[in-house]
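Residues per chain are reported as follows:
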Amino acid sequence: MIERSLNLKKASSLLDEKLRENTHRDLRKAVYYLISCYPAQEALEQAPYKFRKQIWQIAKSLDDAVPEPQALSSWIPRLWTECDAWLLKTLVRDLVRIGNLQNLQVALKKDSEDEAASWLSDFLGFLNQDSTWRLFYVEENVLPNQRGLFLSKSHISLDKDIPDEIKDALENIDVDYRSELLDRRIKGFENYPRKLGVSDASDEIDKRLIEKGSLNDPNLRKVVFSLASYFAEEVDADRRKIWELARTFYGENTIAAIQIIPNLDKFKWSQCNHWALRRLCTDAAAQKSLEPLAQHLDTAQDDAIQYLDKLIPFVKEQGRPAFIDDLKIWPNQHGDFCEKKDLKKDGGIDSELKEICNYLTKNDWYASLLLHHKDFARTVELFSSQETELPDAIAKEIDAALKDYAGDRRDRNFVEALRLLFRWSKRQDNKFLKELLPYFHKHKAQLFLDICENQGINDCIFDLMQVDPEKLEALTKLANSADISQADINCFVERHADFKTLEALRVKKAEPESAGEMLKLLEDLGFDSEYLDALLTQQAAQSEIVTTSVEQRVCRVGRRVRTYPQVISFEESHDAADVGFQGEEFVYCKLLAKFGSDRVQWMNEHGEGRFPYDFKVLEEGSEEVAYYIDAKSSRRGEHSSGSIFFSITNAQWDFLKECSNYYIAKVFRALSERPNLQLIKIDLRDELL
């Protein structure tokens, strides 16, 4: 139609005018038609027309309304100049409207976002071939960032190969580099001046790390400890050490395995390293002592000490010691964590001296001295000689305390302090002791007597000083035994011959054909010879009375072991029936008062019941038996019990083998107005059965 109405030149001028007005509603349709008109094939190779096919392809891919190509019979180069410019500007505006790569993929009907990004990269590259066309998009939102959104050139930067792991780390502290960086699939912008690289990312992280309160930021913690596992191809020894310490403390879920990340050479690690060590030391110090630290590490306490001996010296080596010196992470000799300034190095002070000083002055030297342990040597070396306490310091304090002591010299703490001090001083050279503790050395005899003001005790002490050392050691063991009372010792002294006889009897028991000698020994212990003969001749083995005269039955009372022969010996001249009944009656009253009538059953209350026990005590609210109790009564008092033998019958013995809750109720002075009762639980051990 154009060729028929006007000549080609006039038609081109008229079309250019309409394009500049940009108001006609069918303008896009006209432009689509015009770009589909090609010159002759041979002209397409010439410079003015070489873009014809590309322009048509660009428009066609974005809009199916573009018609198929057709040849013009007549043409001039200026025919497409305004048309091309208008179309490219319009396509740029279309991209702005599309807004992101995902929508562009839909518009282009591409199978993937990569294909859409490739198309956009080609389109922008096409525009960059002409300085005029380049201006069409520089202020428009057509450049995709790494989230796919279209931005203008002034709001986007070139990605200088920042690893994705670093971008992920930045996002955890709300720095979104992907929103600022040009999509890497867009080519042709390599010389663009706005660029962001690894060093810029490092600076962003450093700004957050030096902010006040950053140490308590959980997001920063996540960032720094994720970065701790990232290494360039060449592993840094210091960073490797930080990784090991952090992984040991926080575990594999927090500190990942080492990863080699490309392009990390420009990352500045100094602030990250410092922050990681501060956080690690702070968290370790929060355990407050060695025991919870070991529990946190799920390891033995010695291993926890080794961990601290790696951590503390390493932090000091990094050249930033101030924060760890002020941190309560330095263990004292109780294992509690303190600041460095509150501790001194232990210069070889004996533990006895620390105990002695604590007894005398309440000054706890363990609390003020750095942990002294074979696995803590590196940390100990961080203390100078001026930060070291030597034995003469504590000795001076002890000596002054002894000299100025104005309290009760029989006070337990004072006595214990002197006991330890005398024991310690025995191992010291006399000259050394005189120099170290001059007051104690000069007055130790008087100090010794001061704690023994009782003249009788003093006399005993001087008597003991004349005793053979080996015998004195045995006497000390006897005196320190919790199971041996003063009455026991007096009894032994008065009747030591009987003890020797009993020992001989024990030896003879194991010898064959020694019955005669055993009878003689029993007579020496006070057994009547006629009584012993009667026991040997009668058929007591078939009765309830056990006639084996040598074996013993054992019961336990707490830690004390008492023995009872199976032989029955009634040496008392009284009516055994009266004593037995009154003893049982006394036990019954005691049990009623303790447990109530509903729970206590007296088996012999209405006559001899011939049970292997005298009482049953039931469980509360149940018919189950809590205790079986058998009463053994005597007219004699407790102090005379050494010559009283209680019988154990066959029936009782057999019952005991199956019973774990059997008690003997020993009643002393059963016929008096004030009997005394002792309950003894029987414990039959396997080796005696």
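Residues numbered from 1 in each chain as written. Predicted model: local features only at pLDDT ≥ 70, side-chain atom pairs only at ≥ 80, totals over all residues. Heavy atoms only, no water.

Draft legend 1. Representation of the sheet that holds strand 17 (residues 625–633) within the structure. In spatial order, the strands read 15-16-17-18-19; together these five strands make up an open sheet with mixed pairing. Each edge of the open sheet is held by one strand with a lone partner, namely strand 15 (600–602) and strand 19 (676–681). Geometrically, the sheet is characterised by an average inter-axis angle of 25° between neighbouring strands, direction not taken into account. For strand 18 (residues 662–668) and strand 19, the ladder comprises six bridges, and the chain directions are antiparallel. Across the sheet, the residue bridging to Lys-666 is Gln-678, located in strand 19. (Pairing = 2+ DSSP bridges. Helix = DSSP H or I, 4+ residues; strand = E, 2+ residues; numbered from the N terminus. Axes fitted to C-alpha atoms, helices over the stretch in contact; angles between N-to-C directions.)

Draft legend 2. A look at the nonpolar core. Counting residues in hydrophobic clusters, the biggest one holds 66 residues, and the most contacted among them are Ile-205, Leu-227, Phe-267, Leu-311 and Ile-329. When near neighbours in sequence (up to four residues on either side) are disregarded, Ile-329 contacts Cys-281, Ala-284, Ala-285, Leu-308, Leu-311, Ile-312, Ile-324, Phe-337 and Cys-338. (Core = buried A, V, L, I, M, F, W, Y, C linked by side-chain atoms within 4.5 Å. Buried < 20%, exposed > 50% of the residue type's maximum accessible area, 1.4 Å probe, protein only. Contact = heavy atoms within 4.5 Å.)

Draft legend 3. Structural view of helix 10 (residues 198–209). Between its first and last C-alpha atoms helix 10 spans 17 Å; for twelve residues at 1.5 Å apiece the expected length is 16 Å, and the two agree. All buried positions along helix 10 are accounted for by Val-198, Ala-201, Ser-202, Ile-205, Asp-206 and Leu-209. All buried residues of helix 10 project into a common sector of 140° when viewed along the axis, lining one side. Each element contacted by the buried residues of helix 10 is listed here: helix 9 (164–171), helix 11 (218–227) and helix 13 (270–285). (Expected span 1.5 Å × (residues − 1). Arc of directions from axis to C-beta.)

Draft legend 4. Spatial organisation of the packing of aromatic side chains. Applying the stated rule across the entire model yields 22 aromatic pairs. When the centroid spacing of 4.8 Å and the interplanar angle of 50° are considered together, the rings of Phe-225 and Tyr-250 count as tilted. Of this pair, Phe-225 sits in helix 11 while Tyr-250 sits in helix 12 (residues 237–250), placing them 25 residues apart in sequence. Take Phe-225: its relative accessible area is 2%, and that puts it in the buried class. Ring centres of Trp-330 and Phe-383 lie 5.7 Å apart, and the angle between their planes is 85°; on these two criteria the pair is classed as edge-to-face. (Phe/Tyr/Trp six-rings, centres within 6.5 Å; stacked < 30°, edge-to-face > 60°.)

Draft legend 5. How the structure looks around the pairing of strand 17. The buried fraction of strand 17 amounts to eight of the nine residues, a majority that puts the element mostly inside the structure. Looking at chain direction, strand 16 (residues 615–618) and strand 17 are connected through four bridges and run antiparallel. Paired with Leu-618 across the bridge in strand 17 is Val-625. In this sheet, strand 18 lies alongside strand 17 in parallel orientation, the contact comprising six bridges. For Asp-630, the partnering residue across the bridge sits in strand 18 and is Ile-664.

Draft legend 6. The arrangement of the packing of helix 4 (residues 52–62) against helix 7 (residues 113–127) in detail. Close contact between helix 4 and helix 7 brings their axes to 12 Å; oriented N to C, the two are set at 140°. At the point where helix 4 passes helix 7, the crossing takes the left-handed sense. Residues Gln-54, Ile-55, Ile-58, Ser-61 and Leu-62 of helix 4 touch helix 7, and the partners they reach there are Trp-119, Phe-123 and Phe-126. Grouping the constituent residues of the contact of helix 4 with helix 7 by class yields six nonpolar, two polar and no charged. (Left-handed = near helix turned anticlockwise from the far one by under 90°. Nonpolar A, V, L, I, M, F, W, Y, C, P; charged D, E, K, R; others polar.)

Draft legend 7. The arrangement of the side chain of Glu-352 in detail. With respect to the helices and strands, the residue Glu-352 is situated in helix 17 (residues 351–361). Residue Glu-352 is classed as buried on the basis of its relative accessible area, which comes to 19%. Other than its neighbours up to four places away in sequence, Glu-352 contacts Trp-424 and Arg-427.

Draft legend 8. Just the environment of Tyr-307, in detail. Mapping Tyr-307 onto the fold places it in helix 15 (residues 301–317). As a C-alpha pair, Tyr-307 and Leu-297 span ten residues in sequence and 9.3 Å in three-dimensional space.

Draft legend 9. Here's a closer look at the pattern of salt bridges. Applying the stated rule across the entire model yields 32 salt bridges. Among the salt bridges present, the one from Arg-419 reaches Glu-416, with a minimum N-O distance of 2.5 Å. Taken together, the residues span about one helical turn, with Arg-419 and Glu-416 both in helix 21 (residues 412–425) at a distance of three residues. What makes Arg-419 partly exposed here is its relative accessible area of 42%. The salt bridge partner of Asp-630 is Lys-632, with a shortest N-O separation of 3.1 Å. By relative accessible area, which is 3% here, Asp-630 ends up buried. (Salt bridge = Lys/Arg side-chain N within 4 Å of Asp/Glu carboxyl O.)

Draft legend 10. The side chain of Arg-409, seen in detail. For Arg-409, the position within the fold is in the loop between helix 20 (391–404) and helix 21. In this structure the side chain of Arg-409 is engaged in a polar contact, spanning 3.4 Å, whose partner is the backbone oxygen of Tyr-405. Residues contacting Arg-409, with those up to four places away along its chain left out, are Leu-402, Phe-414, Val-415, Leu-447, Asp-450 and Ile-451. (Polar contact = N/O pair within 3.5 Å; in protein donor to acceptor, adjacent residues only side chain to side chain.)

Draft legend 11. Spotlight on the packing of helix 20 against helix 23 (residues 438–450). At a minimum axis distance of 9 Å, the contact between helix 20 and helix 23 shows a crossing angle of 40°. With respect to helix 23, the axis of helix 20 lies oblique. As for how helix 20 packs across helix 23, the hand of that crossing is left-handed. Each of Asp-399, Leu-402 and Lys-403 in helix 20 lies in contact with helix 23, whose residues at this interface are Pro-438, Tyr-439, Phe-440 and Leu-447. Looking at the contact of helix 20 with helix 23 residue by residue, the class counts come to five nonpolar, no polar and two charged. (Parallel < 35°, antiparallel > 145°, perpendicular 65-115°, else oblique.)

Draft legend 12. Main features of helix 12. The end-to-end C-alpha distance of helix 12, which contains 14 residues, comes to 20 Å, matching closely the 20 Å that a straight helix rising 1.5 Å per residue would cover. Considered for burial, the residues of helix 12 that qualify are Arg-239, Ile-242, Trp-243, Leu-245, Ala-246, Phe-249 and Tyr-250. Buried-residue contacts for helix 12 involve helix 11, strand 7 (230–231), helix 13, helix 14 (290–297) and helix 15. The N-cap of helix 12, judged by a side-chain oxygen 2.8 Å from the amide nitrogen of Asp-238 a few residues on, is Asp-236. Among the residues trailing helix 12, Gly-251 stands out with phi positive, at a value near 90°.

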